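# Structural characterization, general
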Amino acid sequence: MRLHPFALAAVATLIATGAQAEPATYAIDPTHTFATFEISHFGASVNRGRFDKKEGTVQLDKAAKTGKVDLTLQIGSINTGTPPFDKHLQSAEIFDAAQHPTARFVGDQFTFDGDKLVSVAGQLTIKGKTQPATFKANQFACYDSPMLKREVCGGDFETTIDRTAFGVDYGVQYGFPKNVRIVAQIEAVKQ
């Protein structure tokens, strides 16, 4: 069978453009996305809190195994379950929400092991200071949401940071640790 020259050109174009998948864009679902933190309290217990207001996007190219996540957290939405503690965390002594109302993570280095997402590395900004951070993927999956009738991708990620690198020094002189564990539960809906 002999193909017409126009058909050959069309096939060549499809091969050239079809081999490179376009990254899909996903909007963060705020009802399934939370960033929580944990810090030891004198070795006796663990203080925990989360940020209730957040927004962001994810770009993911599954075929190329690349992506970008851009997540912004509102410091004023911190929630520990104890309002006086929330106010202290928002104060100039700790997060200084008045001067630095948001924290942000921009990750553009996705690492895969086969088809499994292993980690996302990028830049974390807290209190106006930016440092590298890598979030390990404890689990990650994409699924077709029966409620939304769209694809949703998400997972659980974690990292440990030295809070003093971001100027969050309160309590170090009393023996509070510098290290803070951050756990990020993220789901994003394909647009």
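Up top you'll find the structure we're talking about.
Residues numbered from 1 in each chain as written. Predicted model: local features only at pLDDT ≥ 70, side-chain atom pairs only at ≥ 80, totals over all residues. Heavy atoms only, no water.

Time to look at the overall build of the protein chain. If you tally the helices and strands in the protein chain, you get 2 helices and 11 strands. In sequence order, the protein chain lays out its α and β elements as α-β-β-β-β-β-β-α-β-β-β-β-β. The buried share of the protein chain, taken over its 191 residues, is 37%. Considering only contacts in the protein chain between residues 6 or more positions apart, those separated by 24 or more positions represent 55%. Roughly 11200 Å² of accessible area belongs to the protein chain as shown, and the carbon and sulfur atoms make up 55% of that amount. (Helix = DSSP H or I, 4+ residues; strand = E, 2+ residues; numbered from the N terminus. Buried < 20%, exposed > 50% of the residue type's maximum accessible area, 1.4 Å probe, protein only. Contact = heavy atoms within 4.5 Å. Areas by Shrake-Rupley, 256 points an atom, 1.4 Å probe, with all protein chains shown as cover.)

For the rest of this paragraph, the subject is the nonpolar core. Membership of the largest hydrophobic core comes to 38 residues, with the highest contact counts inside it found for Phe51, Phe95, Leu124 and Ile126. No other element matches strand E11 (residues 179–190), which puts 5 residues into this core. The contact partners of Phe95, leaving out residues within four places of it in the chain, are Phe51, Ile75, Ile78, Leu89, Gln90, His100, Ile126, Lys127 and Val168. (Core = buried A, V, L, I, M, F, W, Y, C linked by side-chain atoms within 4.5 Å.)

Direction of pairing for strand E2 (residues 34–41) relative to strand E3 (residues 45–51): antiparallel, over a ladder of 7 bridges. Along E3, the bridge assignment pairs Ala35 with Phe51. Sheet topology note: the E3/strand E6 (residues 78–79) ladder contains 2 bridges and is antiparallel. Pairing of Arg50 across the sheet is with Asn79, part of E6. (Pairing = 2+ DSSP bridges.)

Across all of its chains, the model carries 1 disulfide by this definition. Linked covalently through their sulfurs, Cys142 and Cys153 form a disulfide whose S-S length is 2.0 Å. Disulfide Cys142-Cys153: the torsion about the S-S bond is 110°, which places it as right-handed. Of this pair, Cys142 sits in strand E9 (residues 129–145) while Cys153 sits in strand E10 (residues 150–162), and the two are 11 residues apart along the sequence. (Disulfide = S-S within 2.5 Å.)

Examined against the element boundaries, Thr33 turns out to sit in the loop between strand E1 (24–28) and E2. Among the polar contacts listed, one links the side chain of Thr33 to the backbone oxygen of Asp29, at a separation of 2.8 Å. Side-chain polar atoms of Thr33 contact the backbone oxygen of Glu187, separated by 3.2 Å. For Thr33, the residues in contact, after removing those within four places along its chain, are Ile28, Lys54, Leu71, Gln185, Ile186 and Glu187. (Polar contact = N/O pair within 3.5 Å; in protein donor to acceptor, adjacent residues only side chain to side chain.)

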